Amino acid sequence: GLETVKHQLDPDGIVVQISEQVAERNLALARQLGQTCRDLHHKMCLANAGFSRNGMQLVQELPVDYLSIDGSFLQNRGDSATHMRVHRLISAAKNKGGRVIASRVEDAKSLSKLVNLGVDYVVGYHVHAPEHHMVDEFSELETGFRALSE
């Protein structure tokens, strides 16, 4: 709200992330967080998705703008049950207008399969290796946030 205006941040550009495990253990709070994000015009990301037995329910019940599929979950891509589970999660998110992120994309074959499943964004060494200058940028940002909170 007021803080985003004060610091000239675009509220639509802020994404609040909650892990699937935390959302599952605290569903009422996750719903409240989702509503607060909506009220403030922020986006919500359900992260590390794929492990919970209730993952589909979480995607359907929470106002998820982004679904981040857990990278280790994607490593089991040869397993047809895992493939179907990932496909159902992606479909559920897409049906609600959400975007899907896949991490740990290590090769072209994985990238191709994920694109065919409907993944919108990928992260991993196949796309680009991490760089040290990114850490420097985040360090500067963290210093700025500390200064704001003092």
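A brief structural summary. Everything numeric here is computed off the predicted structure, so don't read it as measured data. (Residues numbered from 1 in each chain as written. Predicted model: local features only at pLDDT ≥ 70, side-chain atom pairs only at ≥ 80, totals over all residues. Heavy atoms only, no water.)

### Structural notes on the overall build of the chain
Point 1. From N to C terminus, the chain includes eight helices and five strands.
Point 2. Counting from the amino terminus, helix and strand elements in the chain follow one another as α-β-α-α-β-α-β-α-α-β-α-β-α.
Point 3. Put simply, the chain has 150 residues, and 31% of those count as buried.
Point 4. Long-range pairs, those at least 24 residues apart, make up 55% of the contacts in the chain with a sequence separation of at least 6.
Point 5. For the chain, the accessible surface area stands at approximately 9500 Å², while carbon and sulfur atoms represent 54% of it. (Helix = DSSP H or I, 4+ residues; strand = E, 2+ residues; numbered from the N terminus. Buried < 20%, exposed > 50% of the residue type's maximum accessible area, 1.4 Å probe, protein only. Contact = heavy atoms within 4.5 Å. Areas by Shrake-Rupley, 256 points an atom, 1.4 Å probe, with all protein chains shown as cover.)

### A word on helix α7 (residues 108-117)
Point 1. Residues S110, L114 and L117 constitute the buried set of α7. Looking straight down α7, one finds that the buried residues subtend no more than 55 degrees of arc, so they occupy a single side. Away from the buried face of α7 by more than 90 degrees, exposed residues K109 and N116 are located.
Point 2. Near the N-terminus of α7, the side chain that reaches the backbone nitrogen of K109, with its oxygen 3.3 Å away, is that of D107.
Point 3. The positive-phi residue at the C-terminal boundary of α7 is G118, with phi of around 105 degrees. (Arc of directions from axis to C-beta. Polar contact = N/O pair within 3.5 Å; in protein donor to acceptor, adjacent residues only side chain to side chain.)

### Points about the sheet that holds strand β5 (residues 121-122)
Paired through backbone hydrogen bonds, the strands of a sheet run either parallel or antiparallel to each other.
Point 1. A sheet is described by the order of its strands in space; here five strands give the open sequence β1-β2-β3-β4-β5, paired in parallel fashion. Bordering the open sheet on either side are β1 (15-19) and β5, each of which pairs with just one other strand.
Point 2. Two elements, strand β2 (residues 43-49) and strand β3 (residues 66-69), share three bridges in a ladder whose sense is parallel. Its bridge partner being in β3, C45 is matched across the sheet by Y66.
Point 3. Helix α3 (residues 27-39) contacts β1 and β2 of the sheet and is inclined by roughly 145 degrees relative to β2. (Pairing = 2+ DSSP bridges. Axes fitted to C-alpha atoms, helices over the stretch in contact; angles between N-to-C directions.)

Any functional reading would require information that these geometric values do not contain.
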